[in-house]
Amino acid sequence: MLKKSVFALLFALTAIAVNNAFADTTLKFEKAVYFTGKGDQTGSSLTVRDGKLYAAGNETVTNSRGLLTAYNLPPSATPLFNSLWQSEVGLLSSDFFTGTAVSNEGIYLSGQMSSKGQSAPAIVKYPISPSKTKLNPPLWVVKPSLDKTYSAGSFYGLAVTEEENSTVIYAVGYAQFGKTNQTAILTKYDSSGKLVW
């Protein structure tokens, strides 16, 4: 009898909790802020730090360029700064950002750079306090050196942290070897873009 009572009580509490969880999930649209320009823009990553929102993705006109834009919180119609990054200026390339992280030293973006039929994972670093609204070029760009049979790849996310009083960057994504074999990759870089492992 006691087991039945305990079970009934747990069932009732679970039903109440589930009901309350669904009752409080209504979202209200407040406003939207649009990054406008030529071509199409896509947002794929964002992060918040020190009262600022950093959003990344890509813009496509004739080719795709990595897009970074930053706003004070709450966002207004005018960004603090923005940047369009192209890995191979003057060539048809396809570049995009998929991850965003910010430290005291800079803004880090992960993604992919692609030209001449080959894609590669990339990490791009911008200054944390730009002196102008158009933010070009980046401080550095990292494209990992992989095995000779490597044929394609991308970084999909990254994280920045402090280890032993130094800033380090972890990036995760994939590398493709041959035509069909993809494998997950995890890499570690220091704040100057040097590969640690």
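Worth saying up front: this structure is predicted, and the values here are computed from it rather than measured. (Residues numbered from 1 in each chain as written. Predicted model: local features only at pLDDT ≥ 70, side-chain atom pairs only at ≥ 80, totals over all residues. Heavy atoms only, no water.)

**Comments concerning the nonpolar core**
Phase 1 of the analysis: Ranked by internal contacts, the top residues of the largest apolar core, which has 15 residues, are Trp 85, Ile 107 and Tyr 126.
Phase 2 of the analysis: Elements with a minimum of two residues in this core: strand 2 (52-60), strand 3 (64-72), strand 4 (81-85), strand 5 (96-102), strand 6 (107-115) and strand 7 (118-126).
Phase 3 of the analysis: With four residues, strand 7 is the single largest residue contributor to this core.
Phase 4 of the analysis: If we ignore the near neighbours within four places in the chain, the residues touching Ile 107 are Tyr 54, Leu 68, Phe 81, Ala 101, Val 102, Val 124, Lys 125, Tyr 126, Pro 127 and Ile 128.
Phase 5 of the analysis: Counting twelve residues, the second-largest nonpolar core is a separate cluster that includes Tyr 108, Trp 140, Val 142 and Ala 175. (Core = buried A, V, L, I, M, F, W, Y, C linked by side-chain atoms within 4.5 Å. Buried < 20%, exposed > 50% of the residue type's maximum accessible area, 1.4 Å probe, protein only. Helix = DSSP H or I, 4+ residues; strand = E, 2+ residues; numbered from the N terminus. Contact = heavy atoms within 4.5 Å.)

**Description of a nonpolar patch on the surface**
Phase 1 of the analysis: Residues Val 172, Leu 186, Val 196 and Trp 197 make up a contiguous nonpolar surface patch of roughly 380 Å² in combined accessible area.
Phase 2 of the analysis: By relative accessible area, Trp 197 is classed as partly exposed at 46%. (Patch = residues over 30% accessible without salt bridge, like charges linked within 9 Å, V, L, I, M, F, W, Y side chains within 5 Å. Areas by Shrake-Rupley, 256 points an atom, 1.4 Å probe, with all protein chains shown as cover. Salt bridge = Lys/Arg side-chain N within 4 Å of Asp/Glu carboxyl O.)

**Quick look at the pairing of strand 1 (residues 40-49)**
Phase 1 of the analysis: By the bridge criterion, nine bridges tie strand 1 to strand 2 in an arrangement that is antiparallel. Paired with Ser 45 across the bridge in strand 2 is Ala 56.
Phase 2 of the analysis: Between strand 1 and strand 2, which pair antiparallel one after the other, the connecting turn spans two residues, and Asp 50 there sits at a positive phi close to 50°. (Pairing = 2+ DSSP bridges.)

**Some remarks on the side chain of Thr 69**
Phase 1 of the analysis: Its location among the elements puts Thr 69 in strand 3.
Phase 2 of the analysis: Within the local environment of Thr 69, its side chain forms a polar contact with the backbone oxygen of Phe 81, the two atoms lying 3.4 Å apart. (Polar contact = N/O pair within 3.5 Å; in protein donor to acceptor, adjacent residues only side chain to side chain.)

**Side note on the confidence of the model for the chain**
Phase 1 of the analysis: Per-residue confidence for the chain gives a mean pLDDT of 78, with 74% of residues at or over 70.
Phase 2 of the analysis: By mean pLDDT, helix 1 (residues 2-23) is the weakest element of the chain at 49, and strand 5 is the strongest at 92.
Phase 3 of the analysis: Scored below 50 in pLDDT, residues 1-13 makes zero contacts in the model with residues more than four places away or belonging to other chains. (pLDDT = per-residue confidence, 0-100.)

**Description of the packing of aromatic side chains**
Phase 1 of the analysis: In this structure the tally under the stated criterion is four aromatic pairs.
Phase 2 of the analysis: Here the aromatic rings of Tyr 156 and Tyr 174 are separated by 6.0 Å at their centres, their planes lie at 20°, and the arrangement is stacked. Residue Tyr 156 is found in strand 9 (residues 150-163), and its partner Tyr 174 is found in strand 10 (residues 166-177); the two are separated by 18 residues along the sequence.
Phase 3 of the analysis: Note on Tyr 156: relative accessible area 47%, which makes it partly exposed.
Phase 4 of the analysis: With a relative accessible area of 14%, Tyr 174 lands in the buried category. (Phe/Tyr/Trp six-rings, centres within 6.5 Å; stacked < 30°, edge-to-face > 60°.)

**Observations regarding the sheet that holds strand 2**
Phase 1 of the analysis: As summarised here, the arrangement of the four strands in space is 1-2-3-4, forming an open sheet in which the pairing is antiparallel. Of all the strands in the sheet, the pair left with one neighbour each is strand 1 and strand 4. Pairwise comparison of adjacent strand axes, ignoring direction, gives a mean angle of 20° for this sheet. (Axes fitted to C-alpha atoms, helices over the stretch in contact; angles between N-to-C directions.)

**Thoughts on the sheet that holds strand 6**
Phase 1 of the analysis: In spatial order, the strands read 5-6-7-8; together these four strands make up an open sheet with antiparallel pairing. If you trace the sheet from one side to the other, it starts and ends with strand 5 and strand 8 (140-142), each paired once. The average undirected angle you get between the axes of adjacent strands in this sheet is 25°.
Phase 2 of the analysis: Across nine bridges, strand 6 lies against strand 7 in antiparallel orientation. Within strand 7, the residue paired with Gly 111 across the bridge is Ala 122.

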